[in-house]
Structures are given as structure tokens and as C-alpha cells.
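Coordinate analysis (summary)
So the chains spell out like this:
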Amino acid sequence: MLSIKNLHVKLEDEDKQILKGVDLEVEAGKVHAIMGPNGSGKSTLSYVLSGKDGYEVTDGSAALEGEDLLDMDPEERAAAGLFLAFQYPVEIPGVGNMTFLRTALNAQRKARGEDEMSATDFLKFVREKAKTLKIDAEMLKRPVNVGFSGGEKKRNEILQMAVLGPRMCILDETDSGLDVDAMKLVSDGVNALRDEGRGFLVITHYQRLLDHIKPDVVHIMANGRIVKTGGPELALEVEQNGYADIMEAAQ
Amino acid sequence: MALPKQKQDATDTMLTALGAVPASGWSAAPRKAALDRLVQMGLPQGRDEYWKFTRPTALIQADPVPAPAFEAAEAPIFGEVDRVKLVFVDGVFDAEASDDPAMAGVKIDRLAEVAEADIHWAQGLYGQLETNGQDPVVRPLAALNTAYATDGVLIHVTGKAEKPVSLIYRHVSDTSDAILHNCVKLEEGAELTLLENGPAAARFNKVLEVDVADNATFHHVRAQGRDHDRHAATHIFARLGQESTFKSFTFTANGKLTRNECVIELTGDDAVAHVAGACVGDGDFHHDDTVFVTHDAVNCESRQVFKKVLRNGATGVFQGKILVKEGAQKTDGYQISQSLLLDGDSQFLAKPELEIYADDVACSHGSTSGAIDEEGLFYLRSRGVPEGKATDLLTIAFLAEAVQEIDDQGLADEIVERISAWLDRRRD
């Protein structure tokens, strides 16, 4: 599904190498988790994969089902099936949430040569998805993320994911800023989307999210590289002992 | 005091070209008074403080700069609205294309038809609000209009108008030079929506005087046509009585030169005046919104919301003032002027002013210019919205605060459609 090979990335504006050779394969139907201390390059990886400006790939490759991601514009990556749930969802005053969702979905469908969804069908479709995430009609009408609480913003990210139905989902610290109930709600939303054709990459600091979204594979990232890969038990090990031991062993 | 030579010459040339003002009927006196004002103040010059950002040359020369009429592919705006249409072609009334103006609670006369009469209800309004609006800043083009207007509509509203009055200004001739003067008098508790659309002429000078009596409500939605080469100077003068409401919104697309002045006096307590504008332009587009709101009563609210989208060398101007007179306590004044510069070539010139002589008021003002928000753009693109479409969405969002000043959702939606279409055409 997602294939990252020897990915090297630096900041465009300064001579600072962030990713120093990341290798990662996420298979369809699997949930991979990336854990790691602050500044290890986790968020940079998610931004580079989704096509944000400000980063320069100096070596390596990233492909989605064999298609070179790094060559595509952000919107092409989305149409190809990549989705990033932002750590800090952006507020867009003046653009209604429904308009935003429908524009995005229909743009993707158009890019894939599919028919656009009518306003009525779309309304029904979104309402159903929103219900399971406990997003009410009022929240759908409001401008995108404007005045949303931290929990509402994250639920809105998952709603977008559910509506757009991507093949590869990257969740960047989706648990940050969530209380226990919100985390459960968001996790249920993600779990509902798990299926054989879809891959997940869950980026998190803490093991607690992984109690709700059970990963198949856990990677530890440090200093721009993946330093250890294991099963779900690796997350528990981090929770108990911190990153220090693993990082030491890796050096 | 003698005028500077350049101003004197320009004024003389223009007055010679225009000839004598009509001298019979009730309108003779206000016309003559307006001519006297004009002779005293002279036509605007680039050196005048009030014209620092907008060169008046094309507006004051004797002959208009020729402007070809523009054939739009789409149907004119407000086509779906149930309304009373009054059509002017190059400033000349077109009876064939117009509706019968009879409507309960509303009496509509044409200036050209009634100006010769000895008495008319518009006597006392025609030129009066314009006169009031000449102090403390002179507006010579409005005085010229009062003196020389060839036609216009005089609308007397005594009840709730059952449908909007729609003034349609078509432009056909390359060299047309139209001067129209409209008056609206709303009696106590009366309500009217006035729609205006179209470019009107190669050069257009228009005045609208609106007298809103106690508890009356006036809504105004205007779309200035897409003819790019046209030049226009328009003035709105409004006076508001107690607990009355005045809301005016203007959408402008293209235009080599548009100067929209709006002068509002809040003279009755608890009155509400909102004036808003959204414009989109590129190339040698020059758009100037000049607004002057005077609070002269207690507990009134005023809002000025002006948004401009500028690209490819376009210029936007905003001169906005809130004057709060002594004793106008509990005034709530708001003024915002913002421009979205879609490239590095465009410019926005703003002069926001507050002048306050009361001590218990809330007045806020802000003026910004900036580019598209990169974070928002990336967020939209990451969801699959192509860059052009994402930019358009953010542009419409930027204009939203101004468009939301239109109370009627159907009219607001139609304005948004026009903005979208304009942006779409820029992506061809």
C-alpha cells in the first residue's frame, strides 16, 4: 500500500536534515503505529507524504500502490487515496463545513473519473457518517473548524476521513488534546473504517491511543529514522520504560 | 475665494459643454442651487486631499472616454426576482422594456416626466441630502448631478412595498454619458428594497438620495456591471430617522474607474445603518469606496464592511469615516476594510478615520491587506480540492463578511454565484 524507501528530507529554508533514511511498508488492511520522542521527525513524515510546502526530499522515495507520491500535488495525492488527519486542523472562516466536504469529495471523484454526488445524496451520506461520530447538524453548518473545541476538530478530521474514504490514512497525533471520552469516540470512528483494503499509519506519543486503535505493527522513530519495529508489545515497552533504552540500544 | 486655475478651467470647460440647467418647474430651484455650489467648489482635481488615491480625470473631462458595451454570456443578475423593472438605456428610459410601476404603497415618478411641474413631493428632498452631504467634505460630482440630471426615478413609499423596485441600467453606445438622479422617500414605517444593476453608460454619474423616516426600512442591493472600460461616479446620500434601518450592499466586477461614495446621517435615535461592498477586479481596474457616516443621535449602530479582491495590477481604495457628534452617546460604530491581493502587483490604499465628540461610544475600525492563507490552502488541497478551486473558495470566504450584510438569502446567494463565475472565468 504505502511504500517508503530511504527517505531523506531537509527543511527548504535552512540546512537542517529532519528525515535521515526512513524505510517503511504499510500493507493494506494493517494498522502501523509510529511512536517516538519530540523532534524525531514523525510529523515531518506526515507532512512530506501529504505534500506540504517547505520540505525538500534529498533522497529516497515514497509510493502509494506503486504510484510515486512525491511527484504529485497535494490534491493529486488525496485523489490517489491518501489522507492526513492533521495534528492541528486549520480553521477556515467563511467556508461552511458541508460545502468544504462536498467540494472535496466531488473534486476527488472528478479526478478519478467518477460521477459527482448530488447535493441530496451527499446530505444523506454525510448525516449518516456524522451521526456515528456524534457530530450534529449545527456543526456541519458552521465554517470549517471555526470555534470548534479540540475534540470537535479531531472528530471533524475523522468525519472527513469517513466521507472521503481514502485507501491510506495517516493520523498525526490525533489523540493530542482529547479527553478520555473524545478519544474513545475518535478511535471508534477510526476502527469503523478498518478494512482489508485500507492501510493506517498512526503517529502518536503515547500508548493510550493504541489501547483503542490496536496496531498490527509498532515502529519507534528517533532522530529521523525508524530504529525499532515490533508488535503491539513494543508500545507497552515504551510506556513502561520510555524511549531512552530503545534509543540507546539502537546506537 | 477664487479657485485654483486648473480647477477653474476644468469646471468652466465642463459647464460650457453641459450648457444651461433646466430652468422651469419645481426642480429649477434645487438645480440652480446645485450649480452655484458646483461653481463655488469646482470639479475635483488629483491634488485634492479627497482625490489623492483616485485620479478624477476621466470623470471631469468634457467628453467621456469611449467604452465599448460588453456582451455578457450569462443572463443579467436578479432575473429570477419578482420585481418592478425600470430600464434605462445609456441613461434614457426604455418604456418598452420596463414594467408598469403601479404598486400598492409605492408611487414611482420619473424625474424627466415630472420636473416641469410646479409642485412635486420630491421638492425638498431632491438635492437636499446632497447639500447636507457637502459638509465637511465637498462632493462636486454630486452637485453636478443635481444640477444636470436628465432623468431618474422618484419613489415615494407609504407602506410595505410588496416587491422590490429594480433599476436596470443598460449600456449600448460607446460614447454615452449618463447623469441620473434617484430619490427615495420612505414614510414612517414604510419598507422598500431597491435593486440596481448594470453599467449604465460609458460614463455614469449617479446620485441616490434616500430619506428614511422613523421606523422605516430600506434595503439596497446593487451590482455594477462587468463592462471593463466604463467610468462611474456614484453617490448615495441617506438620512435616517428614529429606529429606522438602512442597508446597502454593492457588488462590483471590473471597471476602469468606479468611485462609490456613501454619505449617511443618523439623525434619529436607535437607527441602524449598514453599508457594505464586495469588489473583484484585475488589470487596470480601479475601485474606490468613500464612505462618511455621521452619528447625530443616541444609541445608533453603523457598520461599514468593504472587501476587495485584487489581482494583476488592480487598485483598490477605501476612505471611510465615522463622525460621532457631541451628544451621540451609546453609538456603536464598526468599520472594516480589507483587501485580498492575489498577486504582488496589486495595491490597496486605505484611509480609515474616526472622529468622536461623545464620551460613551464604542467604535472599532480595522484595515488589512494580505495574500491567500497558505495554511488554509494546503488544508483544502490535502482534501483533494485543486489549487485553483481552493483559492476560489478562500476568496469567496474572504468576501463573505460583506456579502452577509445582504439580509435576503436569495439575493446573497446570487451575488456569491456571480463572484464564483467571475473567479471561474479567470481560470480558463
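Since the model is a prediction, treat every value here as computed from it, not as a measurement.

1. Overview of the packing of aromatic side chains
Applying the stated criterion to the full structure yields 11 aromatic pairs over all chains. Ring geometry for Phe88(B) against Phe93(B): centres 5.4 Å apart, planes inclined by 65°, an arrangement best described as edge-to-face. Taking the centre distance of 5.1 Å and the plane angle of 55° together, the rings of Tyr169(B) and Phe204(B) count as tilted. Here Tyr169(B) is found in strand E5 (residues 165-170), whereas its partner Phe204(B) is found in strand E8 (residues 203-212), with 35 residues between them in sequence. The burial state of Tyr169(B) is the same as that of Phe204(B); both residues are buried. An aromatic cluster is present here, built from Tyr47(A), Tyr55(A), Phe86(A), Phe100(A), Phe378(B) and Tyr379(B) joined pairwise through their rings. Here Lys307(B) stacks its cationic end above the ring of Phe398(B), 4.9 Å away from the centre of that ring. Cation over ring: Arg426(B) sits above Trp422(B), and NZ or CZ is 3.8 Å from the ring centre.

2. Here's the deal with empty space enclosed by the protein
All names here are of chain B. Within the structure shown, the criterion is met by 3 cavities of 30 Å³ or more. Its volume calculated, the largest cavity comes out at about 90 Å³. Taken together, 14 residues line the largest cavity, and the ones lying closest to its centre are Gly198, Pro199, Phe204, Gln224 and Thr234. At 3 residues, the largest contribution of residues to the lining of the largest cavity is made by strand E9 (residues 217-224). Its residues assigned to classes, the lining of the largest cavity comprises 5 nonpolar, 5 polar and 4 charged. Roughly 70 Å³ of internal volume is contained in the second largest cavity. Contributing to the lining of the second largest cavity are Arg222, Ile236, Ser248, Thr250, Asn260, Glu261, Cys262, Val275, Ala276, Asp289, Val291 and Phe306. Of all the secondary structure elements, the ones that give two or more residues to the lining of the second largest cavity are strand E11 (245-253), strand E12 (257-266), strand E13 (272-282) and strand E14 (286-295).

3. With respect to the packing of helix H6 (residues 150-164) of chain A against helix H7 (residues 180-193) of chain A
Helix-helix packing is characterised by the crossing angle of the two axes and by the distance between the axes. Residues and elements named next belong to chain A. Their axes nearest at 9 Å, the elements H6 and H7 cross at an angle of 10°. Classified by the angle their axes make, H6 and H7 are roughly parallel. Of H7, the residues touching H6 (which contributes Lys154, Arg155, Ile158, Met161 and Ala162) are Leu185, Val186, Gly189, Val190 and Leu193. In terms of residue class, the contact of H6 with H7 is built from 7 nonpolar, 1 polar and 2 charged.

4. So, the UniProt feature "domain: SUF system FeS cluster assembly SufBD core" (unreviewed entry) in chain B
Annotation from UniProt places "domain: SUF system FeS cluster assembly SufBD core" (unreviewed entry) at residues 177-398 of chain B. Across residues 177-398 of chain B, helical content stands at 9% and strand content at 61%; the span's end C-alpha atoms are separated by 34 Å.

5. Structural notes on the UniProt feature "domain: SUF system FeS cluster assembly SufBD N-terminal" (unreviewed entry) in chain B
Within this numbering scheme, the UniProt entry marks residues 29-160 of chain B as carrying the feature "domain: SUF system FeS cluster assembly SufBD N-terminal" (unreviewed entry). Span residues 29-160 of chain B is 27% helix and 14% strand, its end C-alpha atoms 32 Å apart.

6. A few points about the interface of chain B and chain A
Chain B puts 17 residues into the contact, and the matching count from chain A is 29 residues. For the pair chain B and chain A, the summed buried area comes to about 1900 Å², and 69% of that belongs to carbon and sulfur atoms. For the chain B face of the interface with chain A, the top three residues by lost area are Phe378(B), Tyr379(B) and Arg383(B), together amounting to 43%. As a salt-bridge pair, Arg383(B) and Glu157(A) come within 2.6 Å of each other at their nearest N and O atoms.

Definitions and limits used
Residues numbered from 1 in each chain as written. Chains lettered and ligands numbered in written order. Predicted model: local features only at pLDDT ≥ 70, side-chain atom pairs only at ≥ 80, totals over all residues. Heavy atoms only, no water. Phe/Tyr/Trp six-rings, centres within 6.5 Å; stacked < 30°, edge-to-face > 60°. Helix = DSSP H or I, 4+ residues; strand = E, 2+ residues; numbered from the N terminus. Buried < 20%, exposed > 50% of the residue type's maximum accessible area, 1.4 Å probe, protein only. Lys NZ or Arg CZ within 6 Å of the ring centre and 35° of its normal. 1 Å grid on protein atoms, 1.4 Å probe; cavity = no way out; pocket = protein on both sides within 12 Å on 5 of 7 lines; lining within 4 Å. Points joined across faces, edges and corners; volume = space filled by probe spheres on them. Nonpolar A, V, L, I, M, F, W, Y, C, P; charged D, E, K, R; others polar. Axes fitted to C-alpha atoms, helices over the stretch in contact; angles between N-to-C directions. Parallel < 35°, antiparallel > 145°, perpendicular 65-115°, else oblique. Contact = heavy atoms within 4.5 Å. UniProt positions renumbered as here; feature names shortened; annotations may be inferred. Buried area = accessible area lost by both parts, 1.4 Å probe. Salt bridge = Lys/Arg side-chain N within 4 Å of Asp/Glu carboxyl O.

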